[in-house]
Amino acid sequence: MAKTDLKKGVHGITAFIVDKGTKGFTIGKKEDKLGCRGSPTSQLYFDDCFVPDERVLGKKLGEGFTGAMKTLDAGRISIGAMALGLGEAAYAKSVEYSRSRQAFGGPISRLQAIQWKIADMRTRLDAARLLIQKAATLKDQGEPFGNEAAVAKLYASEVGMWATSQAIQIHGGNGYITDYEVERYFRDVKLCEIGEGTSEVQRMVIAKHLGLR
Ligand SMILES: Cc1cc2nc3c(=O)[nH]c(=O)nc-3n(C[C@H](O)[C@H](O)[C@H](O)COP(=O)(O)OP(=O)(O)OC[C@H]3O[C@@H](n4cnc5c(N)ncnc54)[C@H](O)[C@@H]3O)c2cc1C
(Lines give C-alpha, C1' and ligand atoms only; values in the text may rest on other atoms or scores of the structure.)
Protein backbone atom coordinates (compact mmCIF):
# COMPACT_ATOMS: atom_id res chain seq x y z
CA MET A 1 0.00 0.00 0.00
CA ALA A 2 1.33 3.47 -0.82
CA LYS A 3 0.10 7.05 -0.82
CA THR A 4 -0.27 7.93 -4.50
CA ASP A 5 -2.01 11.28 -3.93
CA LEU A 6 -1.06 13.13 -0.74
CA LYS A 7 -4.00 15.57 -1.08
CA LYS A 8 -6.78 12.96 -1.13
CA GLY A 9 -6.37 11.44 2.33
CA VAL A 10 -7.69 7.88 2.51
CA HIS A 11 -8.76 8.10 -1.17
CA GLY A 12 -5.14 8.72 -2.14
CA ILE A 13 -3.93 5.27 -1.06
CA THR A 14 -3.30 2.54 -3.63
CA ALA A 15 -2.47 -1.16 -3.28
CA PHE A 16 0.16 -2.75 -5.51
CA ILE A 17 1.45 -6.24 -6.13
CA VAL A 18 5.25 -6.17 -5.97
CA ASP A 19 7.09 -9.33 -6.98
CA LYS A 20 10.02 -10.63 -4.98
CA GLY A 21 13.17 -9.65 -6.87
CA THR A 22 11.84 -6.23 -7.97
CA LYS A 23 14.69 -3.68 -7.85
CA GLY A 24 14.56 -1.64 -4.61
CA PHE A 25 12.32 -4.14 -2.78
CA THR A 26 13.97 -5.94 0.15
CA ILE A 27 12.68 -7.99 3.06
CA GLY A 28 13.84 -7.29 6.64
CA LYS A 29 14.80 -9.77 9.34
CA LYS A 30 12.38 -12.42 10.55
CA GLU A 31 10.81 -10.91 13.69
CA ASP A 32 11.05 -12.77 17.00
CA LYS A 33 7.43 -12.95 18.20
CA LEU A 34 5.46 -13.86 21.33
CA GLY A 35 3.24 -16.29 19.43
CA CYS A 36 2.08 -17.39 15.95
CA ARG A 37 5.71 -18.35 15.45
CA GLY A 38 4.85 -20.75 12.63
CA SER A 39 3.92 -17.76 10.45
CA PRO A 40 6.97 -15.59 9.62
CA THR A 41 6.65 -11.79 9.93
CA SER A 42 9.10 -9.26 8.45
CA GLN A 43 9.19 -5.62 7.46
CA LEU A 44 9.17 -4.86 3.74
CA TYR A 45 11.43 -2.08 2.41
CA PHE A 46 10.81 -0.17 -0.81
CA ASP A 47 13.70 2.13 -1.79
CA ASP A 48 13.29 3.89 -5.17
CA CYS A 49 11.25 0.86 -6.14
CA PHE A 50 9.49 1.39 -9.47
CA VAL A 51 6.15 -0.40 -9.78
CA PRO A 52 4.44 -0.25 -13.20
CA ASP A 53 0.71 0.54 -13.77
CA GLU A 54 -0.18 -3.09 -14.45
CA ARG A 55 0.81 -4.00 -10.88
CA VAL A 56 -1.93 -1.78 -9.36
CA LEU A 57 -4.40 -3.89 -7.38
CA GLY A 58 -7.95 -2.76 -8.23
CA LYS A 59 -9.46 -0.89 -11.16
CA LYS A 60 -7.76 2.46 -10.60
CA LEU A 61 -5.50 4.47 -8.31
CA GLY A 62 -6.90 5.44 -4.89
CA GLU A 63 -8.90 2.28 -4.18
CA GLY A 64 -6.43 0.82 -1.67
CA PHE A 65 -8.06 1.99 1.53
CA THR A 66 -11.64 1.05 0.61
CA GLY A 67 -10.40 -2.34 -0.60
CA ALA A 68 -8.55 -2.87 2.69
CA MET A 69 -11.63 -1.95 4.73
CA LYS A 70 -13.79 -4.47 2.81
CA THR A 71 -11.12 -7.13 3.30
CA LEU A 72 -10.94 -6.32 7.02
CA ASP A 73 -14.71 -6.78 7.52
CA ALA A 74 -14.51 -10.32 6.13
CA GLY A 75 -11.14 -11.01 7.77
CA ARG A 76 -12.58 -10.19 11.18
CA ILE A 77 -14.90 -13.19 10.93
CA SER A 78 -11.84 -15.38 10.26
CA ILE A 79 -9.86 -13.89 13.17
CA GLY A 80 -12.87 -14.52 15.42
CA ALA A 81 -12.94 -18.14 14.21
CA MET A 82 -9.18 -18.46 14.83
CA ALA A 83 -9.63 -17.22 18.42
CA LEU A 84 -12.57 -19.58 18.89
CA GLY A 85 -10.47 -22.51 17.66
CA LEU A 86 -7.70 -21.74 20.12
CA GLY A 87 -10.25 -21.30 22.91
CA GLU A 88 -11.89 -24.64 22.03
CA ALA A 89 -8.49 -26.37 22.09
CA ALA A 90 -7.77 -24.84 25.50
CA TYR A 91 -11.19 -26.04 26.70
CA ALA A 92 -10.66 -29.60 25.41
CA LYS A 93 -7.21 -29.80 27.04
CA SER A 94 -8.67 -28.47 30.31
CA VAL A 95 -11.44 -31.09 30.43
CA GLU A 96 -8.95 -33.88 29.65
CA TYR A 97 -6.34 -32.65 32.16
CA SER A 98 -8.84 -32.04 34.98
CA ARG A 99 -10.01 -35.65 34.67
CA SER A 100 -6.50 -37.09 34.71
CA ARG A 101 -4.73 -34.88 37.28
CA GLN A 102 -4.95 -36.40 40.75
CA ALA A 103 -4.49 -34.01 43.68
CA PHE A 104 -5.50 -34.32 47.34
CA GLY A 105 -7.20 -37.67 46.88
CA GLY A 106 -8.89 -37.52 43.48
CA PRO A 107 -9.13 -35.87 40.06
CA ILE A 108 -9.24 -32.06 40.15
CA SER A 109 -12.41 -32.27 37.97
CA ARG A 110 -14.37 -33.07 41.16
CA LEU A 111 -13.51 -29.61 42.57
CA GLN A 112 -16.19 -26.99 42.10
CA ALA A 113 -13.60 -24.25 41.44
CA ILE A 114 -12.36 -26.23 38.42
CA GLN A 115 -15.87 -27.20 37.28
CA TRP A 116 -17.00 -23.57 37.27
CA LYS A 117 -14.01 -22.47 35.21
CA ILE A 118 -14.78 -25.17 32.63
CA ALA A 119 -18.53 -24.42 32.66
CA ASP A 120 -17.80 -20.71 32.06
CA MET A 121 -15.41 -21.61 29.23
CA ARG A 122 -18.10 -23.74 27.56
CA THR A 123 -20.70 -20.97 27.93
CA ARG A 124 -18.56 -18.13 26.57
CA LEU A 125 -17.15 -20.24 23.71
CA ASP A 126 -20.69 -21.20 22.64
CA ALA A 127 -21.69 -17.51 22.68
CA ALA A 128 -18.61 -16.61 20.58
CA ARG A 129 -19.47 -19.37 18.08
CA LEU A 130 -23.02 -18.05 17.65
CA LEU A 131 -21.78 -14.48 17.06
CA ILE A 132 -19.29 -15.72 14.43
CA GLN A 133 -21.99 -17.80 12.73
CA LYS A 134 -24.34 -14.79 12.71
CA ALA A 135 -21.74 -12.59 10.96
CA ALA A 136 -20.79 -15.37 8.52
CA THR A 137 -24.45 -16.08 7.68
CA LEU A 138 -25.13 -12.40 6.91
CA LYS A 139 -22.04 -12.30 4.67
CA ASP A 140 -23.10 -15.47 2.83
CA GLN A 141 -26.55 -13.94 2.28
CA GLY A 142 -25.03 -10.77 0.79
CA GLU A 143 -26.37 -8.65 3.67
CA PRO A 144 -24.36 -5.90 5.49
CA PHE A 145 -22.20 -7.61 8.10
CA GLY A 146 -19.52 -5.07 9.18
CA ASN A 147 -20.99 -4.47 12.63
CA GLU A 148 -21.64 -8.16 13.30
CA ALA A 149 -18.08 -9.03 12.17
CA ALA A 150 -16.65 -6.46 14.60
CA VAL A 151 -18.86 -7.76 17.44
CA ALA A 152 -17.89 -11.38 16.72
CA LYS A 153 -14.16 -10.62 16.42
CA LEU A 154 -14.11 -8.51 19.57
CA TYR A 155 -15.98 -11.02 21.68
CA ALA A 156 -14.30 -14.18 20.33
CA SER A 157 -10.76 -12.82 20.66
CA GLU A 158 -11.34 -11.63 24.23
CA VAL A 159 -13.01 -14.95 25.13
CA GLY A 160 -10.11 -16.81 23.48
CA MET A 161 -7.60 -14.82 25.57
CA TRP A 162 -9.61 -15.42 28.73
CA ALA A 163 -10.20 -19.14 28.05
CA THR A 164 -6.53 -19.87 27.32
CA SER A 165 -5.58 -18.10 30.54
CA GLN A 166 -8.10 -20.25 32.45
CA ALA A 167 -6.63 -23.34 30.80
CA ILE A 168 -3.15 -22.49 32.10
CA GLN A 169 -4.64 -22.00 35.59
CA ILE A 170 -6.39 -25.40 35.44
CA HIS A 171 -3.09 -27.02 34.40
CA GLY A 172 -1.31 -25.36 37.36
CA GLY A 173 2.48 -25.30 37.01
CA ASN A 174 2.27 -27.68 34.06
CA GLY A 175 0.29 -25.02 32.20
CA TYR A 176 3.31 -22.74 32.32
CA ILE A 177 5.74 -25.13 30.65
CA THR A 178 5.87 -25.89 26.96
CA ASP A 179 5.23 -29.67 27.20
CA TYR A 180 1.53 -28.90 27.73
CA GLU A 181 0.31 -26.97 24.70
CA VAL A 182 -1.97 -24.52 26.51
CA GLU A 183 0.78 -21.91 26.98
CA ARG A 184 1.16 -21.77 23.18
CA TYR A 185 -2.58 -21.25 22.70
CA PHE A 186 -2.34 -18.35 25.19
CA ARG A 187 0.57 -16.77 23.29
CA ASP A 188 -0.99 -17.36 19.87
CA VAL A 189 -4.46 -16.01 20.67
CA LYS A 190 -3.12 -12.63 21.84
CA LEU A 191 -2.64 -11.65 18.21
CA CYS A 192 -6.41 -11.98 17.66
CA GLU A 193 -6.92 -8.96 19.97
CA ILE A 194 -4.47 -6.94 17.83
CA GLY A 195 -4.66 -8.02 14.16
CA GLU A 196 -7.39 -6.89 11.69
CA GLY A 197 -8.09 -3.99 14.06
CA THR A 198 -7.40 -3.99 17.80
CA SER A 199 -10.15 -4.57 20.37
CA GLU A 200 -10.23 -0.79 20.88
CA VAL A 201 -10.81 -0.30 17.15
CA GLN A 202 -13.62 -2.92 17.14
CA ARG A 203 -15.33 -0.95 19.92
CA MET A 204 -15.00 2.20 17.80
CA VAL A 205 -16.53 0.40 14.79
CA ILE A 206 -19.43 -0.89 16.90
CA ALA A 207 -20.04 2.55 18.44
CA LYS A 208 -20.07 4.06 14.93
CA HIS A 209 -22.68 1.52 13.81
CA LEU A 210 -24.74 2.55 16.87
CA GLY A 211 -24.66 6.12 15.57
CA LEU A 212 -22.47 7.37 18.43
CA ARG A 213 -20.09 10.12 17.35
C1 LIG B 1 2.62 -10.68 13.76
C2 LIG B 1 1.55 -9.70 13.41
C3 LIG B 1 0.73 -9.96 12.34
C4 LIG B 1 -0.30 -9.09 12.03
N5 LIG B 1 -1.09 -9.36 10.96
C6 LIG B 1 -2.10 -8.51 10.65
C7 LIG B 1 -2.94 -8.76 9.53
O8 LIG B 1 -2.75 -9.75 8.81
N9 LIG B 1 -3.93 -7.89 9.26
C10 LIG B 1 -4.15 -6.80 10.05
O11 LIG B 1 -5.08 -6.04 9.78
N12 LIG B 1 -3.37 -6.54 11.12
C13 LIG B 1 -2.36 -7.36 11.43
N14 LIG B 1 -1.57 -7.08 12.50
C15 LIG B 1 -1.86 -5.88 13.32
C16 LIG B 1 -1.29 -4.60 12.72
O17 LIG B 1 -0.03 -4.83 12.16
C18 LIG B 1 -1.15 -3.51 13.81
O19 LIG B 1 -0.29 -3.96 14.85
C20 LIG B 1 -2.50 -3.15 14.43
O21 LIG B 1 -3.39 -2.70 13.44
C22 LIG B 1 -2.36 -2.05 15.50
O23 LIG B 1 -1.66 -0.98 14.98
P24 LIG B 1 -0.32 -0.48 15.68
O25 LIG B 1 0.54 -1.66 16.00
O26 LIG B 1 0.25 0.60 14.84
O27 LIG B 1 -0.81 0.07 17.08
P28 LIG B 1 -1.22 1.57 17.41
O29 LIG B 1 -2.15 2.11 16.39
O30 LIG B 1 0.02 2.32 17.73
O31 LIG B 1 -2.05 1.34 18.75
C32 LIG B 1 -1.46 1.19 20.04
C33 LIG B 1 -2.58 1.08 21.06
O34 LIG B 1 -3.41 2.25 21.03
C35 LIG B 1 -4.74 1.90 20.74
N36 LIG B 1 -5.33 2.93 19.88
C37 LIG B 1 -4.83 3.43 18.72
N38 LIG B 1 -5.66 4.34 18.19
C39 LIG B 1 -6.72 4.39 19.02
C40 LIG B 1 -7.93 5.14 19.03
N41 LIG B 1 -8.22 6.02 18.05
N42 LIG B 1 -8.78 4.96 20.05
C43 LIG B 1 -8.51 4.08 21.04
N44 LIG B 1 -7.39 3.35 21.10
C45 LIG B 1 -6.51 3.50 20.10
C46 LIG B 1 -4.67 0.57 20.04
O47 LIG B 1 -5.89 -0.14 20.13
C48 LIG B 1 -3.52 -0.09 20.79
O49 LIG B 1 -4.01 -0.62 22.00
C50 LIG B 1 -0.51 -7.93 12.82
C51 LIG B 1 0.33 -7.65 13.90
C52 LIG B 1 1.34 -8.52 14.20
C53 LIG B 1 2.21 -8.23 15.39
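Each chain has its residues counted from 1, running along the sequence as written. Whole-chain, interface and lining totals are the exception, using all residues; otherwise, since this is a predicted model, local features are given only for residues with pLDDT of at least 70 and side-chain atom pairs are given and counted only at 80 or more. Each side-chain value is worked out from all heavy atoms of the structure, with water and hydrogens disregarded.

Colleague: Got a sec to walk through the site of the ligand? Specific residues and values, please.
Modeller: For this purpose, a residue is taken to be near a molecule or strand whenever a single non-hydrogen atom of the residue falls within 4 Å of it. Taken together, the neighbourhood of the ligand is formed by Lys33, Thr41, Leu72, Leu191, Ile194, Gly195, Glu196, Thr198, Glu200 and Met204. Separating an oxygen atom of the ligand from a side-chain N or O atom of Thr198 is a distance of 2.6 Å. Each polar contact in these results corresponds to two N or O atoms within 3.5 Å; when the atoms are within protein, one needs to be able to donate a hydrogen and the other to accept it, and residues that are neighboring in sequence are counted only if both atoms are side-chain atoms. One of the side-chain nitrogen or oxygen atoms of Glu200 is found 2.8 Å away from an oxygen atom of the ligand. For the accessible areas, the method is Shrake-Rupley and the probe is 1.4 Å, while residue cover comes only from the protein chains on display. About the coverage of the ligand: the protein hides 37% of its 960 Å² of free accessible area.

Colleague: If you had to explain helix α5 (residues 199–209) to someone new, which residues and values would you point to?
Modeller: Partly exposed describes any residue whose relative accessible area lies between the buried limit of under 20% and the exposed limit of over 50%, with all areas from a 1.4 Å probe on protein chains only and scaled to the type maximum. By the criteria applied, helices consist of DSSP H or I runs no shorter than four residues and strands consist of E runs no shorter than two, each listed in order from the N terminus. Considered for burial, the residues of α5 that qualify are Ser199, Gln202, Val205 and Ile206. The buried residues of α5 occupy an angular sector of 110 degrees when projected down its axis, which confines them to one face. What points out from α5, more than 90 degrees from its buried face, is the exposed set Glu200, Met204 and Lys208. Looking at the buried residues of α5, the elements they touch are α1 (64–100) and α3 (146–170). Among the residues trailing α5, Gly211 stands out with phi positive, at a value near 85 degrees. The arc in question is traced by the directions running from the helix axis to the C-beta atoms. We call two residues in contact when some of their heavy atoms are within 4.5 Å.

Colleague: If you had to explain the packing of aromatic side chains to someone new, which residues and values would you point to?
Modeller: To pair, rings of Phe, Tyr and Trp, with the six-membered ring standing in for Trp, must have centres within 6.5 Å; the planes then decide the type, stacked if under 30 degrees apart, edge-to-face if over 60, and tilted in the middle. Within the structure shown, the criterion is met by two aromatic pairs. Geometrically, the ring pair formed by Phe25 and Phe46 is stacked, given 4.9 Å between the ring centres and 10 degrees between the ring planes. Taken together, the residues span a long stretch of sequence, with Phe25 in strand β3 (residues 25–27) and Phe46 in strand β4 (residues 44–46) at a distance of 21 residues. On the basis of relative accessible area, Phe46 is assigned to the partly exposed category, the value being 44%. Where Tyr97 meets Tyr180, the ring centres are 5.9 Å apart and the plane angle is 85 degrees; that geometry is what we call edge-to-face. Of this pair, Tyr97 sits in helix α1 while Tyr180 sits in the loop between α3 and α4 (182–189), placing them 83 residues apart in sequence. Across the ring face of Tyr91, the terminal group of Arg122 is positioned such that the distance to the ring centre comes to 4.6 Å. Sitting over the face of the ring of Trp162, Arg124 holds its NZ or CZ atom 3.9 Å from the ring centroid. Sitting over a ring, as applied to charges here, requires NZ of Lys or CZ of Arg to be within 6 Å of the ring centre and within 35 degrees of the ring normal.

Colleague: Outline the pattern of salt bridges, supporting the account with residue identities and numerical values.
Modeller: Criterion for a salt bridge: a side-chain nitrogen of Lys or Arg within 4 Å of a carboxyl oxygen of Asp or Glu. Taken as a whole, this structure holds 15 salt bridges when the rule is applied. Of the charged contacts, one joins Lys93 and Glu181 as a salt bridge, the two residues approaching to 3.9 Å between their closest N and O atoms. Here Glu181 lies in the loop between α3 and α4 and Lys93 lies in helix α1, a separation of 88 residues in the sequence. For Glu181, a relative accessible area of 34% gives the class partly exposed. The partner of Arg184 in a salt bridge is Glu181, with the nearest N and O atoms 3.8 Å apart.

Colleague: Give me the sheet that holds strand β1 (residues 2–3): which residues, what numbers.
Modeller: Criterion used throughout: strands pair if DSSP finds at least two bridges between them. With antiparallel pairing, the three strands of this open sheet are ordered in space as β1-β2-β5. Single-partner strands in this sheet number two, and they are β1 and β5 (56–57). Of the strand pairs in this sheet, β1 and strand β2 (residues 13–16) are connected by two bridges, and their pairing is antiparallel. Bridged to Ala2 within β2 is Thr14.

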